[in-house]
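# Secondary and tertiary structure notes
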Amino acid sequence: MNKAVIAIHGGAGAITRAQLSVEKEQLYINALSEIVEAGQAILDADGSALDAVTEAVRLLEECPLFNAGTGAVFTRAGTHELDACIMDGNSLDAGAVAGVSHIRNPILAAREVLEHSPHVLLIGEGAETFAEAQGLEPVLPEIFSTPERWEQLQRAQLNNHTVLDHDGGEPIDPDSKFGTVGAVARDKFGNLAAATSTGGMTNKMPGRVGDSPIVGAGCYANNANVAVSATGTGEVFMRTLAAYDIAALMEYGGLSLHQATERVVMEKLPALDGSGGVIAIDREGNVALPFNSEGMYRGYGYVGDAPSVGIYRDQEH
Ligand code: ASP
């Protein structure tokens, strides 16, 4: 079997469908479709799964509709702290950065850590110095700020919450949405890769790191079984090692991709009040995109097929 395929997500959360205009929904659908197509083009040209997920996540970071990179959420100190991780299922090499504020595309910094450092995870200033030495231009944290995210922080602080009720305007309620983006892919050569990038959660404590940059929690890839990128309440994904748990259920338990992702997303995470979802591709090229929240921005596409994208449950375009 030679199925090259990419899947992406732009975060999960509660839905504000009542207040959603058709035009607004279409903006999200178009952005997701275009990014799936960009990944498909790389795979079609014999590109690697690693390159496809890097580019897909870079595009998601650049898109202000999604809440990593530009449009990232604020910490309770009014700052931005971004996290990202990438893993190559062929070599089991991984690279990650956490708590960075001066790197435009954290996923590119994570890729540099994977390729050009002896380490897996670099944090804060050290990560930023390394990224700059690798040629990634430093940026001011203000480039991530948007008025919408600032207002979100004010509301969150008023209620002393990290997650709030909706105030509409976007398909997934911006106050309860988890701000992560991610991609998983299988290339023509059977290699798997996963990438995840996030601004974290609104009103998080400064210094807080979630699951996204943690190998095995929010990001995992192994050619032997599966590539996974997660979005949701990071602390629970960390405590359950959600991404690796899916791989382990497949490897040691003999579960299928569908069974393993359902077990983790629909049973193990909710048991600890974990909300969110995953995107996953197995070694055969099967795709699973389960979520236990009301919605998840998501899409996938086999090379040669039109992208299939959705936001709500039971919805695919
Ligand atoms: N999992 C991310 C975190 O906890 C949040 C998200 O998925 O949006 O940092």
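In short, a report on the structure.

## A look at the sheet that holds strand E10 (residues 287-288)
Reading across the sheet, the four strands line up as E7-E8-E9-E10 and stay open at both edges, with antiparallel pairing between neighbours. The open sheet terminates on both sides in strands that have one partner only, identified here as strand E7 (219-221) and E10. Pairing geometry for E7 and strand E8 (residues 226-232), over three bridges, is antiparallel. Counted as the bridge partner of Cys219 is Ser229 from E8. Sheet strands in contact with helix H7 (residues 242-251) are E7, E8 and strand E9 (276-282), and its direction is about 145° off that of E8. Sheet contacts for helix H8 (residues 257-271): E8, E9 and E10; angle to E9, the most-contacted strand, approximately 160°.

## Description of the pairing of strand E6 (residues 192-198)
Buried residues dominate E6, accounting for seven of its seven residues. Where strand E2 (residues 82-88) lies against E6, six bridges are found, and the strand directions are antiparallel. Note on E6: the bridge partner recorded for Asp88 is Ala193. Of the strand pairs in this sheet, strand E5 (residues 180-186) and E6 are connected by seven bridges, and their pairing is antiparallel. If you follow Gly182 over to E6, its bridge partner there is Thr196. In sequence, E5 turns back onto E6 through a hairpin of five residues, with Gly190 there showing a positive phi of about 85°.

Rules of the game
Residues numbered from 1 in each chain as written. Predicted model: local features only at pLDDT ≥ 70, side-chain atom pairs only at ≥ 80, totals over all residues. Heavy atoms only, no water. Pairing = 2+ DSSP bridges. Helix = DSSP H or I, 4+ residues; strand = E, 2+ residues; numbered from the N terminus. Contact = heavy atoms within 4.5 Å. Axes fitted to C-alpha atoms, helices over the stretch in contact; angles between N-to-C directions. Buried < 20%, exposed > 50% of the residue type's maximum accessible area, 1.4 Å probe, protein only.

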